[in-house]
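# Observations on the model geometry
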Amino acid sequence: MQKFSPEQEMWKIRREFGEHGGVAPSISRSATFTVMDPSEMPEIFKGVRGPHKGGCFLYSRHFNPTVDILARELAAMEGTESAVCTASGMAAISCALLQICHAGDHIVSSDTIYGGTHALLEKLLPQMGIKTTFVKADDVDAYKAAIRPETKVFYVETVGNPTLKVANIPALSKISKENNLKLLVDNTFSPMMVTPSILGADIVIHSLTKYINGASDVIAGVVCCSEDFVNQLMDLHTGRVMLLGPTMDARTAFDIQQRLPHLAIRMKEHSRRAIAVSEHLENLNVKINYPGLQSHPQHELISSMLNEGFGFGGIFTLDCETKERAEKLLSVLQNKERFGLIAVSLGYFDTLMSCSSTSTSSEIDQEEQKSMGLSPGLVRLSLGITGTLRDRVAQIERAVKEVGLI
Ligand code: PLP
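What comes next concerns the included structure. This structure is a prediction, so every number in the text was calculated from the model and none was measured.

### Description of the side chain of R273
- If you trace the backbone, R273 turns up in helix 11 (residues 263–283).
- With a relative accessible area of 7%, R273 lands in the buried category.
- At a separation of 3.4 Å, a polar atom in the side chain of R273 contacts the main-chain carbonyl oxygen of I385.
- Residues contacting R273, with those up to four places away along its chain left out, are L383, G384, I385, T386, G387, T388, L389 and R392.

Dropping the structure here:
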């Protein structure tokens with residue numbers, strides 16, 4: 001158990017009030033900003049002055065005051081010096097990787113990661129001369145063995161999508177530091193629960209689309225990192241966020257800010273329900289995978305990395321073995337029991353559930369799916385916080401019985 005408190009850190013930073021004394025901050029939607037003295041403009045373009053360097057804002061693809069508030073709050077939550085918000089989680093991942101890796105460089109990645117990220121590493125980045133070796137998520141020695149002279153990055157998800165294998169962040173950090181690599185951690189499944197930066201990660205990424213926003217109504221991302229890496233990403237000549245341009249809109253930043261105050265409460269409730277449902281199903285002898293269960297192979301590891309009070313998260317998987325049975329379970333859960341919604345994504349206040357093999361991991365070919373431990377009948381559930389827990393337990397119990405999982 002870690003001593004870090006993301007809730008406390010987030011509320012230590014300066015509160016922003018709105019114009020006219022608004023309790024909510026104002027939305028600064030301006031695309032461009034005036035300077036009082038024309039001689040300031042060249043200094044801003046040279047990077048000598050700017051909003052963080054005693055100057056002013058320039059243009060909203062560079063920095064925007066509303067987006068900046070969100071970035072500061074997320075950096076505080078993740079225990080990093082600074083952060084850059086982006087238009088999607090994929091933009092955060094691709095810009096961070098492209099900032100570090102150039103043609104000829106190499107990445108060592110966990111094999112159990114979100115399908116879009118897997119496609120980026122396996123198919124798109126090689127077209128730019130950047131290669132990736134995939135290794136078993138839970139085999140620390142395999143990461144070390146895969147390092148080459150041109151390796152620049154270790155890439156992992158704290159809790160891997162969709163197998164829920166847990167990355168040993170302290171051990172990977174030690175190896176990456178010894179070999180002068182950057183450890184990039186996608187913490188999308190476990191905000192507040194785990195703080196990768198205090199465990200040794202260099203860069204922490206989120207798809208804000210998921211738990212952090214929590215309402216499934218925006219697509220957004222963030223790179224939490226050092227001030228120096230923010231300056232690299234935003235550099236006017238070579239910054240991948242500045243020049244590739246996946247800018248977060250100020251209204252999106254405002255919407256997410258308004259949901260951050262209840263992120264801690266939501267995470268606790270997602271976890272409280274997920275452990276209750278998981279234990280109930282396990283007692284019924286259903287094959288369930290949830291990091292909070294003693295039977296999860298890395299239960300001890302994740303327990304040692306957790307911040308106190310947020311539990312083990314809201315995601316669990318049920319192995320129905322075949323695609324047909326998985327589809328039947330989804331159909332019963334949605335259309336008969338009204339337990340949740342058949343949809344990709346996660347971290348919504350309602351339950352979202354999908355068959356990973358044919359949806360969010362479909363970019364990964366069948367052989368690789370097999371080798372990473374992803375069954376064609378795996379159903380991933382992101383348990384919501386609506387309805388009563390008692391009703392939800394009864395609904396899922398009836399559904400697993402109906403499809404013959406017990
Ligand atoms: N990282 C993880 C773990 C994800 O599950 C996803 C999307 O499902 C992403 C990143 C990509 O995020 P976005 O859809 O916001 O681009």
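So much for the structure itself; the text now carries on.
### Let's talk about the site of the ligand
- Near the ligand lie 14 residues; those nearest to it are M90, D186, S207, T209 and K210.
- Here N161 contributes a side-chain N or O atom positioned 3.1 Å from an oxygen atom of the ligand.
- Take D186: an N or O atom from its side chain is 2.6 Å from a nitrogen atom of the ligand.
- For the ligand, whose unbound accessible area comes to 390 Å², protein coverage reaches 91%.
- Per-element accounting of the shell around the ligand gives the leading share, 3 residues, to helix 4 (residues 89–100).

### Regarding the packing of helix 3 (residues 65–78) against helix 10 (residues 250–259)
- Contact pair helix 3 / helix 10: the axes reach a minimum separation of 8 Å and the direction vectors enclose 40 degrees. One way to sum up the angle between helix 3 and helix 10 is to call them oblique. The handedness of the crossing between helix 3 and helix 10 comes out as left-handed. Contacts between helix 3 and helix 10 involve T66, V67, I69, L70 and E73 from the former and A250, A253, F254, I256 and Q257 from the latter.
- Here the contact of helix 3 with helix 10 is composed, by residue class, of 7 nonpolar, 2 polar and 1 charged.

### Digging into unusual backbone geometry
- Look at the link from N161 to P162: it is a cis peptide, with omega at 0 degrees.
- The phi dihedral of N180 falls on the positive side, at around 60 degrees, and the residue is not glycine.
- Mapped onto the elements of the fold, N180 is located in the loop between helix 7 (169–178) and strand 5 (182–186).
- Its identity as a non-glycine residue notwithstanding, E321 has a phi of 70 degrees, on the positive side.
- Along the chain, the position of E321 falls in the loop between strand 9 (315–319) and helix 13 (323–336).
- Look at E321 and you get partly exposed, because its relative accessible area is 42%.

Conventions and cut-offs
Residues numbered from 1 in each chain as written. Predicted model: local features only at pLDDT ≥ 70, side-chain atom pairs only at ≥ 80, totals over all residues. Heavy atoms only, no water. Helix = DSSP H or I, 4+ residues; strand = E, 2+ residues; numbered from the N terminus. Buried < 20%, exposed > 50% of the residue type's maximum accessible area, 1.4 Å probe, protein only. Polar contact = N/O pair within 3.5 Å; in protein donor to acceptor, adjacent residues only side chain to side chain. Contact = heavy atoms within 4.5 Å. Near = heavy atom within 4 Å. Areas by Shrake-Rupley, 256 points an atom, 1.4 Å probe, with all protein chains shown as cover. Axes fitted to C-alpha atoms, helices over the stretch in contact; angles between N-to-C directions. Parallel < 35°, antiparallel > 145°, perpendicular 65-115°, else oblique. Left-handed = near helix turned anticlockwise from the far one by under 90°. Nonpolar A, V, L, I, M, F, W, Y, C, P; charged D, E, K, R; others polar.

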